[in-house]
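Residues per chain are reported as follows:
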Amino acid sequence: MEKLAKSKTIQKRLMEISNLVSVDLDSAIDILQSVILDNQNDFYLMEIEYVTNMIREEEMYRELTSDKKMYYDCLKMLGTDFYEIGNCQRAYYHYELAKEKTEHPIFDYYLGKMLYKQARYIDALPYFQEYLSHGGKKLPNCLLYLIKIYAKQKQYKKANKLSIKIRKLEDTFGSDFQFKRYHRKKYNSFYDYVKNVATSEIQLTVDDFAVEDCPEVASYDDYNFHQKLQVIKSLLIQNQSKRAESYLNNLIPETKEEQKELVQFQKNKIIYKNQKR
């Protein structure tokens, strides 16, 4: 009974770490150190490695120069923008440029994802495998795509091995996945995870960062009204209020819908200024 209670406590603290990484990194590190000390039977080694890599990803972002951070934020959000409208080729281009400019490992995941979405499964595989070797917060998603690629290649043993990992992570951290059991003649324990249409990833909003600081990206003037507001929002988040206000003062709505959007945006400005990445 005592062991069960201790196990539940460790799970709770691991979940707490995953929630704290991007908002209170120091506290996340402190809790991780205590979890490592309490994990005497090494039962949670994989989960500890997962949150450790999440912390490392955040540290790598914070260690970027201000210019590289701008490239990271700008290009990542533009990649998301193009992905949301179904243009995976343009999204891939921005993620590839982000990887080149920042060398941040999370872009291995995004590059693999964009290739997967274009049914280029063989090309996507090395990106996912690379991210798997040091994967942080996108590890469950990476495992999901690898499972499906191996399943398509009929490499069921590899898929099954990864499905065990994703189930173990799910037990501690929860997930945005549903799973189905596939009965095979030799591999009746194989689990194939499919995404739930209500996942947070699918519902990501578009937040473009200051495109003029990224010369390879289309100019601010090429964006529509909504996209320009997103650029301004991102500038506010980056504490570039003067530049944001300059753009905002020159933004003229042409329809009633745009006028409503602008009014709501003005009301939300204080929220954006206090919002973190």
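Residues numbered from 1 in each chain as written. Predicted model: local features only at pLDDT ≥ 70, side-chain atom pairs only at ≥ 80, totals over all residues. Heavy atoms only, no water.

1. Topic: the packing of helix H2 (residues 25-38) against helix H3 (residues 45-62)
Here comes step 1: Contact geometry of H2 with H3 gives a least axis separation of 11 Å together with a crossing angle of 155°. As far as their axial angle goes, H3 and H2 are roughly antiparallel. Where H2 crosses over H3, the handedness of that crossing is left-handed. Each of Leu-25, Ala-28, Ile-29, Leu-32, Val-35 and Ile-36 in H2 lies in contact with H3, whose residues at this interface are Ile-48, Val-51, Thr-52, Ile-55, Glu-58, Glu-59 and Arg-62.
Here comes step 2: Each residue belonging to the contact of H2 with H3 can be placed in one class, and the counts come to 9 nonpolar, 1 polar and 3 charged. (Axes fitted to C-alpha atoms, helices over the stretch in contact; angles between N-to-C directions. Helix = DSSP H or I, 4+ residues; strand = E, 2+ residues; numbered from the N terminus. Parallel < 35°, antiparallel > 145°, perpendicular 65-115°, else oblique. Left-handed = near helix turned anticlockwise from the far one by under 90°. Contact = heavy atoms within 4.5 Å. Nonpolar A, V, L, I, M, F, W, Y, C, P; charged D, E, K, R; others polar.)

2. A word on the confidence of the model for the protein chain
In low-pLDDT regions, the fine details of the predicted coordinates are not to be read closely.
Here comes step 1: Summing up the model confidence of the protein chain, the mean pLDDT is 78 and the portion of residues at 70 or higher is 77%.
Here comes step 2: In this model residues 179-218 is a low-confidence stretch, pLDDT under 50, and it forms 116 contacts with partners more than four residues away in sequence or in other chains. (pLDDT = per-residue confidence, 0-100.)

3. A few points about unusual backbone geometry
Here comes step 1: Positive phi, close to 60°, is recorded for Glu-103, a residue that is not glycine.
Here comes step 2: Considering the arrangement of structural elements, one finds Glu-103 in the loop between helix H5 (88-102) and helix H6 (106-117).
Here comes step 3: The exposure class assigned to Glu-103 is exposed, which follows from its relative accessible area of 60%. (Buried < 20%, exposed > 50% of the residue type's maximum accessible area, 1.4 Å probe, protein only.)

4. Section: H3
Here comes step 1: For H3, built from 18 residues, the straight-helix expectation of 26 Å at 1.5 Å per residue is met to within 8% by its first-to-last C-alpha distance of 26 Å.
Here comes step 2: All of the buried residues in H3 are Glu-47, Ile-48, Tyr-50, Val-51, Asn-53, Met-54, Ile-55, Glu-57, Glu-58 and Tyr-61. (Expected span 1.5 Å × (residues − 1).)

5. Some thoughts on the packing of helix H10 (residues 225-237) against helix H11 (residues 241-249)
Here comes step 1: Close contact between H10 and H11 brings their axes to 8 Å; oriented N to C, the two are set at 160°. The angle between H10 and H11 falls in the class roughly antiparallel. Remark: the crossing between H10 and H11 carries left-handed chirality. Contacts between H10 and H11 pair Leu-229, Ile-232, Leu-235 and Leu-236 from the former with Ser-241, Arg-243, Ala-244, Tyr-247 and Leu-248 from the latter.
Here comes step 2: Taken together, the residues of the contact of H10 with H11 break down into 7 nonpolar, 1 polar and 1 charged.

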